[in-house]
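# Working through the structure, step by step
Now for the letters of each chain:
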Amino acid sequence: MDRENCLGRRGCLDFWTKENNSIITKWKSVQRVQKGNHQKDLLKQCYSEIGKLLQKIQGLPSVAATLSLELTVLYNTLLFSFGLSDHGGAGRGELLTLGLVRALEALDSEPQSSDPLDLWRAVLQISGSQEWIVCFHQLACLQWAEWLSASQLEKIRELAVLLADSRTEAFSPPADTLMAVRNISLSIEENPSLSVALSAGDLRELLCICTVVTQGAEMMEAGEVSAALLNFQEAAALPCPRSVLAQVHTLMGLCLRQLGRPQSALQCYRKALEIDFGCLSALYQSSLVFRQLAVAQAEMEALRLLHSAVVCSAQKESCCNWIHLITHESLLCSPSLISTFKTPAVLGVKHSLAQSNLRYGRISEAVEQYLDLLTSFHNDEQLVTTDSSPALPRIPEIYLEAAVSLLKAKRYWDVVAVCEEVVAKTVDLIPQRLTLDLSQKELQETSAAFLVPSLCGKQFRKDTEGKKESLNCALWAATAFFFQGQAFTWLKESKESISNYTRCINIVIKVPVEHTGGPDLCEETLTSIMALRRLKALAFAGRGVSFMARQQGKEALLNFQLSLQATPGCEETELWLTEALWSLGRREEAVAFWSKHQSSTREETVEEVPQRALPLYLMSSVGEMETVDAEEMRRRMRECSS
């Protein structure tokens, strides 16, 4: 009977070996021929077939005679599962643990624990023949990959210590993950009778570089930027695919930028693009550095190239090349790395390009791009994602930026139409009165969320969340009315402009801000308060100009005074106030006011600092008001004084 069992197992061994090799041969023969969905279907088929083969093998008790085959089939099964995104890591971990337990049973050893590290320690101590060592080392690479995809570097370090060549007396386990990984000694000679979908030697190189990169990313997150830079520099010297090397240079650039070396960062981004022009994150980061350095032409060129590359990338997605079973994307799963190397969204890049054109005064290009964006929002709302990269602001803010560009392009009726859409969606959501009587912490959270789109998904208390959104709606609606007021001013429709400026002011005064904080308020809080105050000042000044156009000097004077109360020191409003006094025949007061404000030195106050961080649509609206002829004003003041 034992002889029959032995012969039966030998027959199964030969049959299963042929089945394994047949599946792998089919995968390799078609892998580089078929593309896209065809190859994906083949991968699913191979995964299904190899999985069924593994089930058949594991349906029998584990014995030493079939151990090499079982471990090889397990290795291939896990490789195929890595290639399929819909087969998660939990299943792989269970398969690995079961495989190690069965290996110990085959080698007549009782598992003492279900912990993977304990199992690996036991397996490697009794691994026996060279043939089994090769199989165990192949599986160890997949265990390494599994933990790396979960950023569990400490477990990788402990596994590396177990795998390191510790036969010399001088050996001491390294405390650093990088050093431990370098000390790994793997038997990567393949068994010619058992085919594998990917050699352990090729996999080891990819694991090494990705481990170093992940460790550097963790250092960056911990604020150890200089150490992370050294880590990435070491990674750049390791053998790796071109795409990974390009990402390493991009990370080096991020470190250098944080260390205050933007020019060196640009060199790293340039190197990354030379290695792999498909590294779109390097192109995007370059545009950010050019913006930081105020090199407008270079920033615009980088964004245009990025937009073209993203569009081409989206078109090529449907006809992608062959599938790699384990890629660096599946291993580099740190949140910071995923965020850094996420393929930029077309709308996000187009918005960045539109913003830059608006910021640098390229109005016709800005108008075209903003109108394209608004058309995209109307045609397909699914295109608007909250995690776009570069990040999109809230949709009303994009509409308001578009309104500014149209205002600068002197397309005033278009301004009215765009702002009407903002008003229609927001004005009914504003409460009759919104008092911000919050603690300093709550006020800071509300103010930050009010101005920083990336915080909009953060969970605050229900009442704070409601106040935050009411603040958003108040700011958006008030700004829309303000822009309509400006448009009607330029259209010489003074009655309509006064009406819209008044609507803006009425909304702003619904939001009194009270807080118990002192001078140590955070910049986000100061910025939110300044945004409301700035809008109020602009609206009063704009209404004053419209009253001047209607020869209503008293009303104009009052509005200019209220504007300066909101934000003192605005030179243009001071000129208009002087003009209002002059038109009312109060020439001595006009001269006195003029002399006082011309002789005073204009120093930036604490409250004026956050103006630099105002939303782009408010910053860009400054200067769109009709101006007073300063030279003519000076001549009149001198004549009146002499």
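Residues numbered from 1 in each chain as written. Predicted model: local features only at pLDDT ≥ 70, side-chain atom pairs only at ≥ 80, totals over all residues. Heavy atoms only, no water.

Within this structure, the stated rule accounts for six aromatic pairs. By the ring-pair criterion, three or more aromatic residues cluster together here, those being F482, F483 and Y501. Cation over ring: R92 sits above F82, and NZ or CZ is 3.8 Å from the ring centre. (Phe/Tyr/Trp six-rings, centres within 6.5 Å; stacked < 30°, edge-to-face > 60°. Lys NZ or Arg CZ within 6 Å of the ring centre and 35° of its normal.)

Turning to unusual backbone geometry, a few remarks are in order. What you tend to see is this: most non-glycine residues have negative phi, and most peptide bonds are trans. The backbone of S151 shows a phi angle near 55 degrees, a positive value even though the residue is not glycine. For S151, the position within the fold is in the loop between helix 6 (130-149) and helix 7 (153-163). A positive phi angle, near 65 degrees, is found at K410, a position not held by glycine. Relative to the elements of secondary structure, K410 occurs in the loop between helix 19 (395-408) and helix 20 (412-426). (Helix = DSSP H or I, 4+ residues; strand = E, 2+ residues; numbered from the N terminus.)

Note: predicted coordinates in regions of low pLDDT should not be interpreted at a detailed level. When pLDDT is averaged along the protein chain, the result is 81; 79% of the residues meet or exceed 70. The element-level mean pLDDT for the protein chain is lowest in helix 21 (residues 440-451), coming to 40, with helix 12 (residues 262-275) highest at 96. A low-confidence stretch, residues 438-463 (pLDDT under 50), is modelled with 54 contacts involving residues beyond four sequence positions or located in other chains. This stretch, residues 516-522, has a pLDDT under 50; its non-local contacts, to residues over four places away or in other chains, come to 10 contacts. (pLDDT = per-residue confidence, 0-100. Contact = heavy atoms within 4.5 Å.)

In this section: the environment of C333. Mapping C333 onto the fold places it in the loop between helix 15 (328-331) and helix 16 (335-341). Expressed as a C-alpha distance, the spacing of C333 and A150, which sit 183 residues apart in the sequence, is 6.6 Å. Look past the residues within four positions of C333 in its chain and what remains in contact with it is S149, S151 and I338.

Moving on: helix 12. Because each turn of an α-helix spans 3.6 residues, side chains separated by three or four positions in sequence point in the same direction. With 14 residues, helix 12 should cover 20 Å at 1.5 Å per step; its first-to-last C-alpha distance of 20 Å lies within 8% of that length. Of all the positions in helix 12, only P262, A265, L266, C268, Y269, A272, L273 and I275 are classed as buried. Next to the buried residues of helix 12 lie helix 11 (242-258) and helix 13 (280-292). (Expected span 1.5 Å × (residues − 1). Buried < 20%, exposed > 50% of the residue type's maximum accessible area, 1.4 Å probe, protein only.)

With that out of the way, let us pick up the nonpolar core. Core analysis: the biggest nonpolar cluster contains 112 residues, and W27, F80, F136, W144 and F232 have the highest contact counts within it. The biggest single contributor to this core is helix 9 (residues 200-221), with 12 residues. Residues within four places of F80 in sequence aside, it is in contact with I23, I24, W27, L43, C46, Y47, I50, A197 and L325. Residues L373, C473, A487 and L535 belong to the second largest nonpolar core, which totals 57 residues. (Core = buried A, V, L, I, M, F, W, Y, C linked by side-chain atoms within 4.5 Å.)

Structurally, T479 can be placed in helix 22 (residues 462-490). Discounting residues that sit within four places of it in the chain, T479 has contacts with L400, L535, Y617 and L618.

Let us now look at the pattern of salt bridges. Side chains that carry opposite charge are capable of pairing whenever their charged atoms lie near each other. Tallied over the entire structure, the rule returns 12 salt bridges. The residue E49 makes a salt bridge to K26 at a minimum N-O spacing of 3.0 Å. With E49 in helix 2 (residues 36-58) and K26 in helix 1 (residues 2-31), this pair connects stretches of sequence that are 23 residues apart. Between R304 and E301 there is a salt bridge whose closest N-O contact spans 3.6 Å. Here the residue R304 and the residue E301 both occupy positions in helix 14 (residues 296-316), the gap between them amounting to three residues, near one helical turn. Accessibility expressed as a relative area gives 36% for E301, which makes it partly exposed. (Salt bridge = Lys/Arg side-chain N within 4 Å of Asp/Glu carboxyl O.)

With respect to the element layout, E70 can be found in helix 3 (residues 67-83). Take E70: its relative accessible area is 3%, and that puts it in the buried class. When neighbours within four sequence positions are excluded, E70 is seen to be in contact with L54, I57, Q58, S62 and R102.

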